[in-house]
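Coordinate inspection notes
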Amino acid sequence: MACINLNLDVDVNSCLSGLWASLRLGRPKSSIVKLKKEMAILRGKRDDIKDQIEQAEREGRIPTHQVSHWLLEVETLEDQVADVEQDFQSIGCFSCNNCFNQAQIGGTSQIQEAGDHVPIRESSNCCSILLRVAKKLSDIKELMDRADRLDPVATVAPPETTVMLPISHLSPVGIESYMEDIVGYVDGGKGDIIGINGMGGVGKTTVLKSIQQHYLLKHARFDRVIWVVASKDCQLKKLQMDIAKSLGLQTLQENDDEQTCGNKLCSYLKNRNCLLLLDDIWEHVDLQLLGMAHSTTERGQQQQQQMHKVVVFTTRSETVCAQMKAKKEIKVKCLDPVQAWQLFEENSNKDVLNSDAGIKFVAKELTKECAGLPLALVTVARAMLGKKSWEAWNEALHQIRDKHEWTTIGLSKDSFIMYKAFKLSYDSLENDFIRECLLCCALWPEDYEIDKFSELIPCWIGCGIIHEFNVINEAFAKGCSHLEALVAASLLEQCNDKHLPYIDRGVKMHDVIRDMALLMVSRSEGNKRKWIVKAGIGLCDLPRKEEWHEAERASFMRNKLTFLQEYGASTFPKLSMLVLRCNRVLKTIPLSSFASMPHLTYLDLAFCDITELPKEIGSLSELQYLDLSFNAIRRLPPEFGCLCKLEYLLLMRNDLQIISNGTISNLLMLRWLDIRQIYPTPEWWWDELKCFKGCHQLSVGICINATTDNIERLNMLPPNVFVWELTLAGKNISKLSNYDLGTAHWSSMASDLEMLFIEVLGLKRLVLAASFGCLKRLNFEGLQLLEEISLNRVQLYNLRELYITNCYALKDVSWVLQLPCLNLLRIGNCPKMKELISDQVGNSNSISRFSIQRLILDDMQNLNRIANRPFHFPYLEYIHVTFCRKLKKLPFGAEILKNRLKLIQGDDNWWNNLDWDDESIKDSLTPYFR
């Protein structure tokens, strides 16, 4: 009998193992169904935890490392489960036959571990699917078990990154020796309290900023470098809270007393090396209550561990230095003649100075008049920037030397020098409107950073300084122009966002300039003009009745007023402006208050806690500007319609639900209505706007539910109503018939929009096809299903700022290359985005450059590159990158230094792990990294 030999090239062990797995787990299809079900349960648990995290973030906390790692594991597992499901669909196998087929065809394919360490082949077949399902089910169970132990899900946020304060227009001429003296003293461990004193405007703050920069850039001597501004009338509690905020310490509460706050600060700082830079103190400050005093035990530790707690403060008073028991006292003196001329030259137009020997001679005489005071020198030099003739320079010298002008003031010598410089600069401003803009800035607290768009320019508009305009866009444009003039004259300082120092939203007035502005007000019109300015000083009560009789303007913003006391009739006969902004516990207004203010034209009650307006508000017959934003007002009384001269009404973020018909539509003089961030959008907005009978073009800021009906309503508004700022929000996107923002119901309305916010909509695709000719800012927020944004033959020539956040499905922003004037691009938390500019966009002949000046990328976990080809950044000044762990390479090299680069901001781990074509590039860019 013949024997038949069968040579089966089969991994028997693997096949038997796979067969055994098949017997245990059942049919693959049912296993896949079970896997999907368990994964859905895990996703639900993940979403619950994310909701908890979102709530915690609102309270200033962040996810724990344990929770962040768990979420990352869930994300990874989700991708793996998707792979299993895809492989199952591709094989279409419901038996174990493929196991043998794959073994015969594939031979010795690669082995991996799965299940209970059962070796299987990597190729997809029935048995391998079953084993992979088993492993994933086990992983899901393990993650679900761990989820129940994730408590707490959030913790206190780490300290904020220390903000490096720029040395502004005050060039550090003559301060180097002071800085070196102080640094040498600190590094030598000779003392822990250093006082810097000198007259206002002499450069004390500049010295302090130089010390901050020294220790932030060049030394790791201190764990934390803390910067706090005190200012006149500053409360100790405010200093404590500012220090806690700088440290990221959230245990201090507003209702804690000073001793409790001090104990908490001391407890937190006791084992840390700290440098506290305390600017502009006017009286003794208890350093122990600021957490900076050494206990006996700690002094022993300090000797062993060389721990340091150092305080450097500035003050105008030598007495305060003595009271603070400063171990070292530095007196900053005025500049000598050589230094003074150097500083004057640096802030002047040198071409003009060198064009005429007569002009240079007068310039040096002007320098002498400033007596070496740096702020005066800079102020005068900037005031003369537009002067090109000898006659103009000589007239300025004559003005500053006019003894008759100055002998009647009665100022001290120090203030006298500064006032002369301020008056020259003030008079050199282009017109009275800009001068009045400057004086208005003194209404805010000392050293306060004033937001340009939400505070300052609206104030100028409401005061009637900016009044000749058709729509609100034009008014803000004029306001920005006035601001530019004041900053150029060094009468205001440009401020940057604390967290994003390249976003300039505010300005600040030097405390000396503020003093001079208030002095100017008191001297105007034969001393008949009176302002009461007591802003930001912790005030709990308003002035006595007799102080109000001559008052024209009064500012009590950012205080602690809880109520307005009753005053008799005719208490405020001349009062035209009252600012009570940011008295957050102010709940009620006496009925008699409004009746006793017959000439009030400007009333700011924003950020209080007012729940109801008295009907007596209708007696303010002269009122032109009313800001009630960020209160809890639910209704407007019918008498509100009696405000016949009201031009500007700001009702942002209230609970307004009830408004009688005609309350707003009959305000005939109304020019600006802000009803943004009122949720849910009440129905009255449509009834009031469609019936508006005003004499002027009404500019509206509004938030609406994004339904087709509401959008069509906007297009049906009367010709004298236009939408200036629009927010489209809501999850009821299914009612929208079209995702194309270029259809008929957009056409007329879109042309006037300046700011557009699209939030929390279920769109998958969005086409910008309308003529958004005025659009300057565009926001996409929380569009979780959005996969694509595109332009349809639309040129957004005026778009300056683009923000895209929490758009989870968005894959790229290639369309930004079509925005010729885009200045700021900020993208955050878009996990599907692996590159900003897609591989498919454009061709080799297309433009390969960005117009971006400021690029901000935040929480882009999967972003690995900006684009797949080189791009030029001729205008890039700032780049900010946080939580972008896969972005390993910057889109530029050292050639960027030839352009405008000023700052690269990110965390150290990201910076240190970047890939470089050449390490010398990193060396070149490192000085720009913070």
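Below: a short report on this structure. (Residues numbered from 1 in each chain as written. Predicted model: local features only at pLDDT ≥ 70, side-chain atom pairs only at ≥ 80, totals over all residues. Heavy atoms only, no water.)

With that settled, consider the overall build of the chain. Per the secondary structure count, the chain includes 28 helices and 33 strands. When the 930 residues of the chain are sorted by exposure, 51% land in the buried category. Of the roughly 42800 Å² of accessible surface on the chain, 49% is carried by carbon and sulfur atoms. (Helix = DSSP H or I, 4+ residues; strand = E, 2+ residues; numbered from the N terminus. Buried < 20%, exposed > 50% of the residue type's maximum accessible area, 1.4 Å probe, protein only. Areas by Shrake-Rupley, 256 points an atom, 1.4 Å probe, with all protein chains shown as cover.)

In this structure the tally under the stated criterion is 41 salt bridges. In this structure, the salt-bridge partner of Glu369 is Lys420, at a minimum N-O distance of 3.2 Å. Note that Glu369 is positioned in helix α14 (residues 357-369) and Lys420 in helix α18 (residues 413-428), a separation of 51 residues in sequence. Note on Lys420: relative accessible area 7%, which makes it buried. The partner of Glu436 in a salt bridge is Arg553, and the shortest N-O contact between them spans 3.3 Å. With Glu436 in helix α19 (residues 432-440) and Arg553 in strand β14 (residues 553-555), the pair connects residues that are 117 residues apart, well separated along the chain. Owing to a relative accessible area of 12%, Arg553 belongs among the buried residues under this scheme. Taken together, the shared-partner salt bridges connect Glu365, Lys368, Glu369, Arg401 and Lys420 into one network. (Salt bridge = Lys/Arg side-chain N within 4 Å of Asp/Glu carboxyl O.)

Across the five residues of strand β32 (residues 878-882), five count as buried, placing the element largely inside the fold. The alternating pattern of β32 places Tyr878, His880 and Thr882 on one face and Ile879 and Val881 on the opposite face, and all of these are buried. Where strand β31 (residues 854-858) meets β32, five bridges bridge the pair, whose relative direction is parallel. Looking across to β32, one finds that Leu857 is bridged to Val881. Relative to strand β33 (residues 903-906), β32 is paired through four bridges, and the arrangement is parallel. What sits directly across from Ile879, in β33, is Ile904. (Pairing = 2+ DSSP bridges.)

This paragraph deals with the pairing of strand β7 (residues 274-281). Among the eight residues that make up β7, eight are buried, leaving the element largely enclosed by the rest of the structure. Of the pairings in the sheet, the one linking strand β6 (residues 224-229) to β7 comprises six bridges and is parallel in character. When the bridges of β7 are listed, Arg224 appears paired with Cys274. Relative to strand β8 (residues 309-315), β7 is paired through six bridges, and the arrangement is parallel. Bridging across to β8, Leu277 finds its partner in Val312.

The next subject is a positive patch on the surface. Taken together, the side chains of Lys811, Lys832, Lys834, Arg885, Lys886 and Lys888 make up a positively charged region of the molecular surface. Along the polypeptide, Lys886 turns up in the loop between β32 and β33. Taking the relative accessible area as the measure of exposure, Lys886 reaches 36% and is therefore partly exposed. (Patch = residues over 30% accessible without salt bridge, like charges linked within 9 Å, V, L, I, M, F, W, Y side chains within 5 Å. Lys, Arg positive; Asp, Glu negative; His and termini not counted. Charge placed at Lys NZ, Arg CZ, Asp CG, Glu CD.)

Take the packing of helix α6 (residues 176-187) against helix α7 (residues 204-217) next. What describes two packed helices is the angle between their axes and the distance between those same axes. As a packed pair, α6 and α7 sit with axes 9 Å apart at the nearest point and diverge in direction by 50 degrees. One element, α6, and the other, α7, form an angle in the oblique class. Relative to α7, α6 is oriented so that their crossing is right-handed. Taken together, the residues of α7 that come into contact with α6 (itself represented by Tyr178, Met179, Ile182, Val183, Val186 and Asp187) are Val207, Ser210, Ile211, His214 and Tyr215. Looking at the contact of α6 with α7, its residues break down into eight nonpolar, two polar and one charged. (Axes fitted to C-alpha atoms, helices over the stretch in contact; angles between N-to-C directions. Parallel < 35°, antiparallel > 145°, perpendicular 65-115°, else oblique. Left-handed = near helix turned anticlockwise from the far one by under 90°. Contact = heavy atoms within 4.5 Å. Nonpolar A, V, L, I, M, F, W, Y, C, P; charged D, E, K, R; others polar.)

A few words on the packing of aromatic side chains. Enumeration according to the criterion identifies 18 aromatic pairs in this entry. Where Trp341 meets Phe344, the ring centres are 5.9 Å apart and the plane angle is 10 degrees; that geometry is what we call stacked. Pair noted here: Trp341 and Phe344 are both in helix α12 (residues 337-346), with a separation of three residues, about one helical turn. In this structure Phe344 comes out as buried when scored by relative accessible area, which is 0%. Centre to centre, the rings of Trp548 and Tyr567 are 6.2 Å apart; their planes meet at 70 degrees, and the pair counts as edge-to-face. One end of the pair, Trp548, is in the loop between β13 (531-533) and β14; the other, Tyr567, is in the loop between β14 and β15 (577-579), and 19 residues separate them in sequence. Site record: aromatic cluster; members linked through ring pairs are Trp548, Phe556, Tyr567 and Phe572. Lying across the ring of Trp282, Lys232 places its NZ or CZ 4.4 Å from the centre. Its end group placed over the ring of Phe469, Arg671 keeps NZ or CZ at 4.1 Å from the ring centre. (Phe/Tyr/Trp six-rings, centres within 6.5 Å; stacked < 30°, edge-to-face > 60°. Lys NZ or Arg CZ within 6 Å of the ring centre and 35° of its normal.)

This paragraph deals with the side chain of Gln565. Its location among the elements puts Gln565 in the loop between β14 and β15. A distance of 3.1 Å separates the side chain of Gln565 from the backbone oxygen of Leu542, its partner in a polar contact. One polar contact links Gln565 to Tyr567, side chain to side chain, over a distance of 3.4 Å. Ignoring anything within four residues of it in the chain, the contact list for Gln565 reads Asp541, Leu542, Pro543 and Pro590. (Polar contact = N/O pair within 3.5 Å; in protein donor to acceptor, adjacent residues only side chain to side chain.)

One finds Trp548, Phe640 and Phe780 to be the most contacted residues of the largest nonpolar core, which totals 121 residues. Apart from the residues within four sequence positions on either side, Phe640 is in contact with Leu613, Ile617, Leu626, Leu628, Leu646, Leu649, Thr663 and Leu667. Core analysis: the next-biggest nonpolar cluster, separate from the first, contains 109 residues, Leu456, Val507, Val579 and Trp724 among them. (Core = buried A, V, L, I, M, F, W, Y, C linked by side-chain atoms within 4.5 Å.)

Moving on, we come to the environment of Ala371. Mapped onto the fold, Ala371 is located in the loop between α14 and α15 (374-383). The class of Ala371 is partly exposed, set by a relative accessible area of 38%. When residues no more than four places from it in sequence are discounted, the contact partners of Ala371 are Cys334 and Ile417.

As a further point, take the sheet that holds strand β12 (residues 506-508). Strand order in the open sheet formed by three strands is β10-β12-β11, with antiparallel pairing between adjacent strands. Looking at strand neighbours, the two that pair on one side only are β10 (450-451) and β11 (493-495), the edges of this open sheet. Two elements, β11 and β12, share three bridges in a ladder whose sense is antiparallel. From the neighbouring strand, Gln494 faces β12, where its bridge partner is Val507.

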